Amino acid sequence: LDRSLRVLSETQPHVGVKKLQLELLDAVKAGRSFSQALGQYPEHFGPLHVNLVRAGEVSGKLAGALQYLAEHLDRSKALRSSLVSALTYPAILLVTALISVALMLGFVVPQFKPMFSDLGDRLPFLTQWVVAMGDVLVEYGVALLIGLLGVWVLLSRWWATAAGGAQRERLLLAIPVLGNLLYRYQLSQFTRTLGSLLSSGVALMQAVVIARDGLRYATIRARLEPLTGAIKQGQRFSKALADCGVLDPASVQLLALGEETGRLDAMLGELTQRHEESIQLQTRRALTLLEPLIILGLGMVVAAIIIAILLGILSVNELVA
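Read on for an overview of the structure.

Basis of the calculations
Residues numbered from 1 in each chain as written. Predicted model: local features only at pLDDT ≥ 70, side-chain atom pairs only at ≥ 80, totals over all residues. Heavy atoms only, no water. Helix = DSSP H or I, 4+ residues; strand = E, 2+ residues; numbered from the N terminus. Rg over C-alpha atoms; globule rule 2.2 N^0.38 Å. Patch = residues over 30% accessible without salt bridge, like charges linked within 9 Å, V, L, I, M, F, W, Y side chains within 5 Å. Areas by Shrake-Rupley, 256 points an atom, 1.4 Å probe, with all protein chains shown as cover. Salt bridge = Lys/Arg side-chain N within 4 Å of Asp/Glu carboxyl O. Buried < 20%, exposed > 50% of the residue type's maximum accessible area, 1.4 Å probe, protein only. Phe/Tyr/Trp six-rings, centres within 6.5 Å; stacked < 30°, edge-to-face > 60°. Expected span 1.5 Å × (residues − 1). Core = buried A, V, L, I, M, F, W, Y, C linked by side-chain atoms within 4.5 Å. Axes fitted to C-alpha atoms, helices over the stretch in contact; angles between N-to-C directions. Parallel < 35°, antiparallel > 145°, perpendicular 65-115°, else oblique. Left-handed = near helix turned anticlockwise from the far one by under 90°. Contact = heavy atoms within 4.5 Å. Nonpolar A, V, L, I, M, F, W, Y, C, P; charged D, E, K, R; others polar. Polar contact = N/O pair within 3.5 Å; in protein donor to acceptor, adjacent residues only side chain to side chain.

## Re the overall build of the protein chain
Right, so step 1: The helix and strand tally for the protein chain stands at 14 helices and zero strands.
Right, so step 2: Across the protein chain, helices and strands are ordered from the amino to the carboxyl terminus as α-α-α-α-α-α-α-α-α-α-α-α-α-α.
Right, so step 3: On C-alpha atoms alone, the protein chain measures out to a radius of gyration of 28 Å, which is more than a quarter above the 20 Å that the 2.2 N^0.38 rule sets for 321 residues.
Right, so step 4: Expressed along its principal axes, the backbone C-alpha trace of the protein chain runs to roughly 95 × 50 × 35 Å.

This is how it looks when you write it as structure tokens:
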């Protein structure tokens, strides 16, 4: 182990990671176990990492535990990367649409304002509204931007508190499509972590606590809270999970089959894979619908601005005639 850490540190180009590896090496050389050394850095290694490594040390299969942990982290990273990649194009499209509308209102519409100044109230309502929006953007654009940034900073600080974080979770999970995706993603995180811990020899009770506490959303953690009490009372894991109401009946039956055959960890892995495939499929479907909606929305806004300008021009021509 110490030789492995030394080789890693010698080939590590990142200064911060190299420093961490050397500190782990010093801890191991001082007589600490690898899990104890990792536990000294909770900001880098969470309970999942430490407990998987500890289980590998106890069972004499540290290499296998590390390999399993690496695969677990790779799968988690791959899922996050796929979701981020899928959301990148719609996000760019939405930002481009907002910038395009702002440029039209802030620079194009004001060019026609002197032409419409003599009409007053005789100007069509749509034209009046578009001109007013352009005036607001020209006169108060910077103030609005600063105000929005200030609101975002205040919201970020409030979300960092317990009450604000809980409210933010409720709002996110209440969004029709996004909330369902986030919920299923958290469940896949729970089943993947739990399966990894059980495969490495961690006891079910301890594995459930670690997997539950590793979830990001307190709302879902609260729904899984009764699990430990039910398991302590001798209830089967699948039945306790069904009582929590976080999984559909088909998933519960799959876990019950895993318990009966002594392959609960494998069934958790199968369930995780199904959840991840479902998440990716739902994400692709949602984005397939979202992209044309953004384009259609931008087209309608631009068309409204153009129609407003044309109506104003026609009104001026009628007045001159």
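## Quick notes on a nonpolar patch on the surface
Right, so step 1: Together, F125, L126, W129, M133, I307, L311 and L314 make up an exposed nonpolar region whose accessible area comes to about 680 Å².
Right, so step 2: When contributions to the nonpolar patch are tallied by element, the ones reaching two or more residues are α6 (125-159) and α14 (264-320).
Right, so step 3: With respect to the element layout, I307 can be found in helix α14.
Right, so step 4: The partly exposed category is assigned to I307, whose relative accessible area is 44%.

## Observations concerning the pattern of salt bridges
Right, so step 1: Going through the model one piece at a time under the given rule, you end up with eight salt bridges.
Right, so step 2: Across the pair E23 and K19 runs a salt bridge whose closest N-O atoms are separated by 2.5 Å. Placement of the pair is E23 and K19 together in helix α2 (residues 15-29), with a separation of four residues, close to one helical turn.
Right, so step 3: Several salt bridges share partner residues, and in doing so they unite R212, D213 and E225 into one network.

## Digging into the packing of aromatic side chains
Aromatic rings considered in pairs are described by the distance between their centres and by the relative angle of their planes.
Right, so step 1: Across all of its chains, the model carries one aromatic pair by this definition.
Right, so step 2: Relative to W159, the ring of W152 has its centre 5.7 Å away and its plane inclined at 85°; by these criteria the two rings are edge-to-face.
Right, so step 3: Look at W159 and you get partly exposed, because its relative accessible area is 24%.

## A look at helix α8 (residues 176-199)
Right, so step 1: End to end, α8 covers 35 Å across 24 residues, agreeing with the expected 34 Å (1.5 Å per residue, within 8%).
Right, so step 2: α8 sits mainly inside the fold: 17 of its 24 residues count as buried.
Right, so step 3: In the segment just after α8, G201 is the residue with positive phi, at about 95°.

## Focus on the nonpolar core
Right, so step 1: The biggest cluster of nonpolar side chains holds 36 residues, and the ones touching the most others in it are L194, L227, F237, L241 and L255.
Right, so step 2: Going through the elements one at a time, α4 (47-59), α8, α9 (204-213), α10 (218-224), α11 (226-232), α12 (237-244), α13 (249-261) and α14 are the ones with two or more residues in this core.
Right, so step 3: Looking at this core element by element, the count peaks at six residues for α8.
Right, so step 4: Ranked by size, the runner-up nonpolar core spans 13 residues in total, among them L25, A27, A37 and L38.

## Comments concerning the packing of α4 against α8
Right, so step 1: Relative orientation of the contacting elements α4 and α8 amounts to 20°, with a least axis distance of 9 Å. The orientation of α4 relative to α8 falls into the category roughly parallel. At the point where α4 passes α8, the crossing takes the left-handed sense. Note on element contacts: α8 touches α4 through T193, S196 and L197, opposite L48, N51 and L52.
Right, so step 2: Considered class by class, the residues forming the contact of α4 with α8 number three nonpolar, three polar and no charged.

## Things to note about α4
Right, so step 1: The end-to-end C-alpha separation of α4 is 18 Å, in line with the 18 Å expected for 13 residues at 1.5 Å each.
Right, so step 2: Among all positions of α4, only L48, H49, V50, N51, L52, V53, A55 and G56 are buried.
Right, so step 3: Residues of α4 that are buried in the fold lie against α3 (34-39), α5 (62-116), α8 and α9.
Right, so step 4: In the segment just after α4, G60 is the residue with positive phi, at about 75°.

## Section: the side chain of T191
Right, so step 1: Relative to the helices and strands, T191 resides in helix α8.
Right, so step 2: Residue T191 is classed as buried on the basis of its relative accessible area of 2%.
Right, so step 3: Aside from chain neighbours lying at most four places away, what touches T191 is L268, L271, T272 and H275.

## Regarding the environment of T261
Right, so step 1: By secondary structure assignment, the location of T261 is in helix α13.
Right, so step 2: Within the local environment of T261, its side chain forms a polar contact with the backbone oxygen of L257, the two atoms lying 2.9 Å apart.

## Examining the side chain of T193
Right, so step 1: Mapped onto the elements of the fold, T193 is located in helix α8.
Right, so step 2: Sequence-distant contacts of T193, that is, excluding residues within four places in its chain, are made with L48, H72 and A211.

## Things to note about the packing of helix α7 (residues 162-174) against α8
Right, so step 1: Running from N to C, α7 and α8 cross one another at 110°; their axes reach a closest spacing of 5 Å. Classified by the angle between their axes, α7 and α8 sit roughly perpendicular to one another. Within the contact between the two elements, α7 uses L172, L173 and A174 and α8 uses P176, L178, G179, L182 and Y183.
Right, so step 2: A breakdown of the residues in the contact of α7 with α8 according to their chemical character gives seven nonpolar, one polar and no charged.

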